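Coordinate analysis (summary)
Each chain, letter by letter, is given below.
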Amino acid sequence: MASGVQVADEVCRIFYDMKVRKCSTPEEIKKRKKAVIFCLSADKKCIVVEEGKEILVGDVGDTITDPFKHFVGMLPEKDCRYALYDASFETKESRKEELMFFLWAPEHAPLKSKMIYASSKDAIKKKFQGIKHEYQANGPEDLNRTSIAEKLGGSLIVAFEGSPI
């Protein structure tokens, strides 16, 4: 069921910038987004970027030691969100980076919020063409390295964000 919620142009721009990795200078790479959280606008009619809820590639190793743990910590305990996370992982053969789309719908979120986010998910997914990995999490226990590695490639994954699985 569609909710009629729109997706802000800025959300689409951020997705494109995260998806398309141009040959960049080291300074430009540091400004690239590692993770971004999106929420509904106050009037519940548009999906927008949540203010201050992003991780830049340049922050990793500098002010943020564990980007995935930091990302999980940015999610609200009692409300829903969408998020993009640029996951770094290793298989036995290679190192990869792939975008993951998250729907965060914690158990303690209001029922109305869960319904709006669930029914609006298709609107944002249509704008995010080419996403290989989609993940719904209903609590912090769903966001552990093992479950994420399973989603990315199962037993082929040997490390996620630099930590062995």
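Structural data are supplied above this passage.
Reading guide: rules and limits
Residues numbered from 1 in each chain as written. Predicted model: local features only at pLDDT ≥ 70, side-chain atom pairs only at ≥ 80, totals over all residues. Heavy atoms only, no water. Helix = DSSP H or I, 4+ residues; strand = E, 2+ residues; numbered from the N terminus. Rg over C-alpha atoms; globule rule 2.2 N^0.38 Å. Buried < 20%, exposed > 50% of the residue type's maximum accessible area, 1.4 Å probe, protein only. Contact = heavy atoms within 4.5 Å. Areas by Shrake-Rupley, 256 points an atom, 1.4 Å probe, with all protein chains shown as cover. Salt bridge = Lys/Arg side-chain N within 4 Å of Asp/Glu carboxyl O. Arc of directions from axis to C-beta. Core = buried A, V, L, I, M, F, W, Y, C linked by side-chain atoms within 4.5 Å. Disulfide = S-S within 2.5 Å.

Secondary structure summary: the chain contains five helices and eight strands in total. Computed over its C-alpha atoms, the radius of gyration of the chain comes to 16 Å, within 12% of the 15 Å expected for a compact globule of 165 residues. Projected onto the principal axes, the alpha-carbon positions of the chain cover approximately 45 × 35 × 30 Å. Expressed as a percentage of the 165 residues in the chain, the buried residues total 42%. Relative to all contacts within the chain whose residues are 6 or more apart in sequence, the contacts with residues 24 or more apart total 64%. A total accessible area of about 9300 Å² is found for the chain, and carbon and sulfur atoms account for 51% of it.

Let us now look at the pattern of salt bridges. Taken as a whole and assessed by the stated rule, the structure comprises eleven salt bridges. Of the charged contacts in the structure, one is a salt bridge between Glu161 and Lys34, with a shortest N-O distance of 2.9 Å. Residue Glu161 is found in the loop between β7 (157-160) and β8 (163-164), and its partner Lys34 is found in strand β2 (residues 33-40); the two are separated by 127 residues along the sequence. Bridged by salt links that share partners, the residues Arg32, Asp86, Arg95 and Glu97 form one connected network.

Turning our attention to helix α3 (residues 67-74). Those residues of α3 not exposed but buried are Pro67, Phe68, Phe71, Val72 and Met74. When α3 is viewed along its axis, its buried side chains cluster within an angular range of 160° and face the same direction. Away from the buried face of α3 by more than 90 degrees, exposed residues Lys69 and Gly73 are located. Buried residues belonging to α3 abut β2, β3 (46-56), β4 (81-91), β5 (95-104), α5 (145-153) and β7.

Turning next to the nonpolar core. Grouped together as the largest cluster of nonpolar side chains are 25 residues, with contacts concentrated most on Val11, Phe38, Ile47, Tyr82, Ile124 and Phe128. Within the residue set of this core, elements represented by two or more residues are α1 (9-19), β2, β3, β4, β5 and α4 (111-127). Dropping the residues within four chain positions of it, Phe128 is found in contact with Val11, Phe15, Phe38, Leu84 and Phe101. Of all hydrophobic cores here, the second largest spans 24 residues; its members include Ala35, Phe68, Phe71 and Ala149.

Quick look at the state of the cysteines now. Throughout the structure, instances matching the rule amount to zero disulfides. This cysteine, Cys39, is not joined by any disulfide, and Cys46 carries the nearest cysteine sulfur, 9.8 Å off. For Cys39, a relative accessible area of 12% translates into the label buried. The thiol of Cys80 is not disulfide-bonded; the next cysteine sulfur, from Cys39, is found 12 Å away.

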